[in-house]
Amino acid sequence: MSMGNQLEAKCPASIWRKDVTGDLKVVLKHVVKGAFNIARLDPENILTQGTEALKDFGLKDSAGECLLQFLLSAATMAAQKLLFDTPRLQHTPHEARSDLATAMAEAIAKEAEQQTLAVDQAFLETPREHLPFSAVHTVLQPWLHDRLGDKLAAEWTVTRFAVTFEAMWFAVCAKDLERYTTILKGVGVSENDIASRATPNALAWNRYNALLQLQPRLPMMGEAFGLDAVYISLRGYYEGNDTDNQKQQHVVWLDKSIDAWLASPNIRDALRIVCGGPGSGKSSFTKMLAARLATSYATTGWRVLFVPLHRLQNLERSFDKALRGYVQAAELLPFDPLNESRDPLLVILDGLDELAMEDGTRGVEAAKLYVAKVIKSLKAYNSQRARLKVLVSGRDLVVQGATQELRQANMGTDQSMLHVLPYVITSKDVPNAVDPDDLRGKDQRTVWWEHYGKATGRAATGMPEELDTEGLFEMTRRPLLGYLVARLHARTPLSQEESRVSIYEKLLAEVHRRDWDEGGPGHPLDKDSFFQVLEEVAVCVWHNGAGIATLKDVEKRVCGNSQCVKALETIADGAKKQSLGTILLAFYFRHGLGDTSTIEFTHKTFWEYLTARSIVRTFRQMHEEKMNLGSAKWNPQASLETWIGLCCAQNMDQDMYDYVKELVAEEPQKTLVKWQELCAALLSYTVVHGMPMGARPESLSFKAQCQQARNAEIALLAMHCACATKTQQRTALPWPDEQGFHAWLAWLEPVWGTGLTGRLLQGLVLEEQNLQGENLNHADLSRADLRGADLRRATLSGADLRGADLNGAALGLAALGLADLGLAALGFADLRGADLRRANFNGADLSGADLRGADLGRADLSGADLSGADLRRATLHDAIVTNALLKYANVECEALAKAYFDDPALSEALAIGIDLAELPEYRIGSPTSEQVAALETLVTKTKAAEAQK
């Protein structure tokens, strides 16, 4: 387009007749006064105070003079926000910040006086790309280099100035539309364009778009650079079914998939869900997507609104009302973007797993309820055309409820759910992949390390050879863990046995060594106290359920621990110094939105890990206390009260349990045997007496207190499961009767599948328990003792029963499709009419089992012992029976012939209808020479008998 006129910023000569080192500096300080309230990004004080001061020196309302006012205001605000957004500079003294802003303003004014400061329409469209002044390099960069003491850090900080300036420019323009109109006319903008551009809504969108572009450029985890410096495009997949109704994974570029979705006019396909595990890059993807769409609005026509879900309030209201409340509270836009925007709008909701309803509902259930509200709003807004679309990100387990809502609402397509893939894709990630462009073949770690090397000033042509090993493969292929490995690589040797928890441990130790050990910039603080304070902050965040803790929360929690109180005071004092802002606050914490008395973690995994540490540390202390007191004096109720104080406020989810399990796994085996015994003693108490919750406070409802007791009990069961996983020992609890386990399950998880309970049952003794008709889908009952248990008509689809003892169990008509019974003992079990399709019986003992009428279609019976089993009328279609032992088994030839096995001789024998009862011992697929000879004899005998007929 035509750039129209050039407009020079005018600086009246009357200014320069004053003493530049005296009065002018005073005046320019008035200009920057008010620029320090950056949290609200409010230029009101600058325009009302600074411009009035300049008027005293002859600056009026001509286009050039208005331009100078706006440039001075926006530049000084941008400089202050730059410091606010840089952790190492957040605690810069007020006087030094004021001097910087004044020096910037003075340099810009001098350029105007020298008639070298001019703008055109290109500047007004994208100010960040056409900065008209050189003060950034002549003033700001040297100042930053001096303050940071690091040339590369100063350069990265300077790169953020232009987009920061753009946000401030549009904020200033929105505050004074009259002067902004004067500037537009000065560069030759037409009246029609002025009418559309000089509006509060248009300028608010411009400012917000600039802030979205700034977000991924902000320093990440204590680094000088931002996410955009190391981010690489991510791949993902969506699931569909092939012609045999088998799941397929279609591998795609996430960006391209979203672009195609936005271009689609389908009003019934207005919701996308991006899911992945912790640290998989899903939040990074959403931030980069928001920044990209904000940049490309002119070509795509899509407005974008980015919402961290843990900041959304009043979730019980409709989706649109809650969204309006957030936009207003966060002061993002001065209007309702859902109803006052003519353009189509994409709302990005980041962090579905961090959602918490006001009644305390979290996890899968909260996600399901909230997505239902989103779908309802989408249907209302998109009745005629697709003017509103929503993209939600969350962890895999939590988004399951969202997919159910989509199906029930008859919305979406196969591509509605996108799963984020790691930098290196394995067959385990996509077992049945559809990948015409061979996206799986790319190892993205090479490109990522090149980006990281450039960002850190260390040349890198790919991942270092010493890290490209099998032991570190799982970490280096995942975005967050790969970054943490890279961060540690230059400082700490990494072994091939590194785990997630050992990586976090070393990162914390490095923070302590550098900033809080003897000789560090912070007050000396011993390592144990340092770790404990961080853990307490994490526990407060967990208890609050909103991802945020206040300093008062932390102080209240640690007030009874003198060592912790002292440590907290040391760290709080250190917060006044540069060290905490440099490392601790930046890497693990950040202040809550507009509130320096609140703290939130930079990544959810940090507080999950630290909370898991606190849980394990507390349990260790409970065990030590029991050992010190001795069994005679030890009181389980006192230990449980300690446990309740830590674990009752919120439920433990799968991700936190994974950290607990990894931390427990690092303890010695002998210790874990003792810990499991303590778990058994405490669980035995709760089975008989319940959790000792004490008197109920008036502010707490009975229902809420029951939920707290449930939370604490499930956390205790999780601790037991973590120990049992390593010890491989079973635990017997004092069930009051044969219905005891059923009643306990109903208490722990009233709605099956909504919590963690089902995945924590391994190693329990459930002998002769009545579980008839019980819903145990996807339960982990590995190594459980279920001898003689009544599981008739129970549903155990997808359950883990590996190594379980089911000898003599009643499983008639039970649903065990896709269950894993590898190496399980099922001697003389009753499996009549059971659904065993696609179940895994690899190496299982099914000797004497009654399998009459059971459906074993596509089941894996390889290596199973079917000696004496009764398989009459059983379905074996495509069942794998290679290496199975059929000693004296009662099986029909026709049924066995439909199974899959690599044994041509047996196939031929079955085709002529041999009598298997005359073949007492035969190992399918790997018979002994004697068994082969016996089969040949039986075949000859059968053929001869047939010939006589």
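Keep in mind it's a predicted model, so treat the numbers as computed, not measured.

**Q** Help me understand the overall build of the chain in this model?
**A** Counting its regular elements, the chain contains 36 helices and 13 strands. Expressed as a percentage of its 949 residues, the buried residues of the chain come to 56%. Long-range contacts, defined as pairs at least 24 residues apart, comprise 60% of the intrachain contacts of the chain with a sequence gap of at least 6. With the model as given, the accessible surface of the chain reaches about 39600 Å², and the carbon-plus-sulfur share is 49%.

**Q** I would appreciate a short explanation of the pairing of strand 6 (residues 303–308) in the present structure.
**A** Walk down a regular strand and you will see the side chains alternate between the two sheet faces. Within strand 6, six of the six residues are buried, which leaves it mostly tucked inside the rest of the structure. Residues R303, L305 and V307 line one face of strand 6 and the alternating positions V304, F306 and P308 line the opposite face, and both faces are buried. Where strand 6 meets strand 7 (residues 345–350), six bridges bridge the pair, whose relative direction is parallel. Bridged to F306 within strand 7 is I348.

**Q** Hey, could you run me through the environment of G545 in this one?
**A** Along the chain, G545 turns up in the loop between helix 24 (527–544) and strand 11 (548–550). On a C-alpha basis, the gap between G545 and L355 in space is 8.4 Å, while along the polypeptide they are 190 residues apart.

**Q** Help me understand the pattern of salt bridges, please; the structure alone is not making it clear to me.
**A** Within the structure shown, the criterion is met by 44 salt bridges. The shortest N-O distance in the salt bridge between E921 and K887 comes to 3.7 Å. Of this pair, E921 sits in the loop between helix 35 (904–911) and helix 36 (929–948) while K887 sits in the loop between helix 33 (740–748) and helix 34 (893–897), and the two are 34 residues apart along the sequence. The exposure class assigned to K887 is partly exposed, which follows from its relative accessible area of 28%. Linked by salt bridges that have partners in common, D830, R832, D850, R852, D870 and R872 make up one network.

**Q** Can you help me understand the nonpolar core in this one?
**A** General note: in soluble globular proteins, nonpolar side chains tend to be found buried as a group. Membership of the largest hydrophobic core comes to 232 residues, with the highest contact counts inside it found for L352, W643 and L831. Considering every element that reaches this core, the biggest residue donor is helix 32 (residues 702–727), with 11 residues. Other than its neighbours up to four places away in sequence, W643 contacts I615, F619, M622, M691, A712, A715, L716 and M719. By size, the runner-up hydrophobic cluster in this structure holds 59 residues, among which are L7, L89, A105 and A107.

**Q** How do you make sense of the side chain of D903 when you look at a structure like this?
**A** With respect to the element layout, D903 can be found in the loop between helix 34 and helix 35. Despite its burial, D903 pairs with no opposite charge; the closest candidate is R923, at 10 Å N-O. A distance of 2.9 Å separates polar atoms of two side chains, one belonging to D903 and the other to Y922. Leave out the neighbours within four places in its chain, and D903 touches Y922, I924, G925 and P927.

**Q** Got a minute to help me understand the packing of aromatic side chains in this structure?
**A** Ring pairs (aromatic) are described by centroid distance and by the angle formed between their planes. What the rule picks out here adds up to 25 aromatic pairs. Considering the side-chain rings of F161 and F165, the 6.1 Å spacing of their centres and the 25° angle between planes classify their relative orientation as stacked. On the criterion of helical spacing, the pair formed by F161 and F165 is a turn pair, its members being four residues apart in helix 9 (residues 161–175). Take F165: its relative accessible area is 0%, and that puts it in the buried class.

**Q** Looking at this structure, how should I read the packing of helix 31 (residues 669–689) against helix 32?
**A** Two quantities define a packed helix pair, namely the angle between the helix axes and the distance between the axes. With their axes 9 Å apart at the nearest point, helix 31 and helix 32 run at an angle of 145° to one another. Seen along the crossing, helix 31 lies across helix 32 with a hand that is left-handed. In this structure, helix 31 uses Q669, L672, V673, W675, Q676, C679, L682, L683 and T686 to contact helix 32, whose residues at the interface are E713, L716, L717, M719, H720, C723, A724, K726 and T727. Each residue belonging to the contact of helix 31 with helix 32 can be placed in one class, and the counts come to 11 nonpolar, five polar and two charged.

**Q** Would you mind going over the sheet that holds strand 4 (residues 247–253) with me for this structure?
**A** Pairing between sheet strands relies on hydrogen bonds along the backbone, with the strands arranged either parallel or antiparallel. The mixed open sheet is built from eight strands, whose spatial order is 6-7-8-5-9-3-4-10. In this open sheet, the two strands that pair with only one neighbour each are strand 6 and strand 10 (433–434). Two elements, strand 5 (residues 271–276) and strand 8 (residues 388–395), share six bridges in a ladder whose sense is parallel. Paired with V274 across the bridge in strand 8 is S393.

**Q** Looking at this structure, I do not really get unusual backbone geometry. What am I missing?
**A** Located in the positive-phi region is H778, a residue other than glycine, with phi close to 65°. Look at H778 and you get exposed, because its relative accessible area is 57%.

**Q** Any chance you could explain helix 33 here in plain terms?
**A** Structural remark: α-helix, 3.6 residues per turn; residues separated by three or four positions point the same way. Taken together, the buried positions of helix 33 are G740, F741, W744, L745 and L748. Seen from one end, helix 33 has its buried residues packed into an arc of 130°, which puts them on one side. Buried positions along helix 33 lie against helix 31 and helix 32.

**Q** Can you help me understand the pairing of strand 7 in this one?
**A** With six of six residues buried, strand 7 is to be regarded as a mostly interior element. Of the two faces of strand 7, the one carrying L345, V347 and L349 and the one carrying L346, I348 and D350 are both buried. Strand direction decides the pairing type here: strand 7 and strand 8, joined by six bridges, are parallel. Looking across to strand 8, one finds that V347 is bridged to V390.

**Q** Got a minute to help me understand helix 14 (residues 254–263) in this structure?
**A** Along helix 14, the residues that are buried comprise L254, D255, S257, I258, W261 and L262. Seen from one end, helix 14 has its buried residues packed into an arc of 165°, which puts them on one side. Of the exposed residues in helix 14, the ones pointing more than 90 degrees away from its buried face are K256 and A263.

**Q** Can you walk me through the side chain of R710 in this structure?
**A** Residue placement: R710 occurs in helix 32. Here R710 is buried and forms no salt bridge, its nearest opposite-charge partner E713 lying at an N-O distance of 7.6 Å. Ignoring sequence-local partners within four residues, the contact set of R710 consists of W747, L748 and P750.

**Q** Please clarify how the packing of helix 7 (residues 135–148) against helix 8 (residues 151–159) should be interpreted in this entry.
**A** Contact pair helix 7 / helix 8: the axes reach a minimum separation of 8 Å and the direction vectors enclose 135°. Overall, the two elements helix 7 and helix 8 adopt an arrangement that is oblique. Crossing of helix 7 against helix 8: the hand is right-handed. Facing helix 7, whose interface residues are V136, Q141, L144, H145 and L148, helix 8 presents K151, A153, A154, E155, T157 and V158.

**Q** For this particular structure, what's the right way to read the confidence of the model for the chain?
**A** Interpreting fine coordinate detail is not advised for predicted regions of low pLDDT. With 87% of its residues at a pLDDT of 70 or more, the chain shows a mean pLDDT of 85. Summarising per-element confidence for the chain, the mean pLDDT is lowest in helix 27 (residues 578–587) (37) and highest in helix 31 (97). Per-residue pLDDT stays below 50 along residues 34–58; that stretch engages in 67 contacts with residues further than four places along the chain or on separate chains.

Rules behind the numbers
- Sequence positions are assigned chain by chain, starting from 1 and proceeding in written order.
- In view of the model being predicted, local features appear only for residues whose pLDDT reaches at least 70, and side-chain atom pairs are presented and counted only at 80 or more, with totals across whole chains, interfaces and linings using the full set of residues.
- The basis for every side-chain value is the complete set of non-hydrogen atoms in the structure, without hydrogens or water.
- Each helix corresponds to a stretch of at least 4 residues labelled H or I by DSSP, and each strand to a stretch of at least 2 residues labelled E; elements are numbered beginning at the N terminus.
- Only protein chains enter the accessibility calculation, which uses a 1.4 Å probe. A residue is then buried if its area is under 20% of the maximum for its type, exposed if over 50%, and partly exposed in between.
- The contact definition used throughout considers only heavy atoms, calling two residues in contact when any of these lie within 4.5 Å.
- Per-residue and other accessible areas were derived by the Shrake-Rupley procedure at a 1.4 Å probe size, with only the shown protein chains allowed to occlude residues.
- Here the rule is simple: two strands pair whenever DSSP picks up at least two bridges between them.
- For salt bridges, the criterion is a side-chain nitrogen of Lys or Arg within 4 Å of an Asp or Glu carboxyl oxygen.
- Nonpolar cores were defined as sets of buried Ala, Val, Leu, Ile, Met, Phe, Trp, Tyr and Cys residues, with membership established by side-chain atoms within 4.5 Å.
- Within this scheme the basic residues Lys and Arg register as positive and the acidic residues Asp and Glu register as negative, but His and the chain ends are omitted.
- Definition of a polar contact: a pair of N or O atoms within 3.5 Å, with one able to donate and the other able to accept a hydrogen when the atoms are protein atoms, and with sequence-neighbouring residues admitted only if both atoms are side-chain atoms.
- In this analysis, rings of Phe, Tyr and Trp, with Trp reduced to its six-membered ring, are considered paired at centre separations within 6.5 Å, and the interplanar angle assigns stacked below 30 degrees, edge-to-face beyond 60, and tilted for intermediate values.
- Axis geometry follows a simple rule: fit a line to the C-alpha atoms, using only the stretch in contact for helices, then measure angles between N-to-C directions, giving values from 0 to 180 degrees.
- Whether a crossing is left-handed or right-handed is set by the direction in which the near helix is turned from the far one by less than a right angle, anticlockwise for left-handed and clockwise for right-handed.
- Ten residues, namely Ala, Val, Leu, Ile, Met, Phe, Trp, Tyr, Cys and Pro, are considered nonpolar, four, namely Asp, Glu, Lys and Arg, are considered charged, and the remaining ones, Gly among them, are considered polar.
- Directions from the helix axis toward the C-beta atoms define the arc.
- Each angle gets one of four labels, with under 35 degrees taken as roughly parallel, over 145 as roughly antiparallel, 65 to 115 as roughly perpendicular, and the rest as oblique.
- Values of pLDDT, the confidence the predictor places in each residue, fall between 0 and 100.

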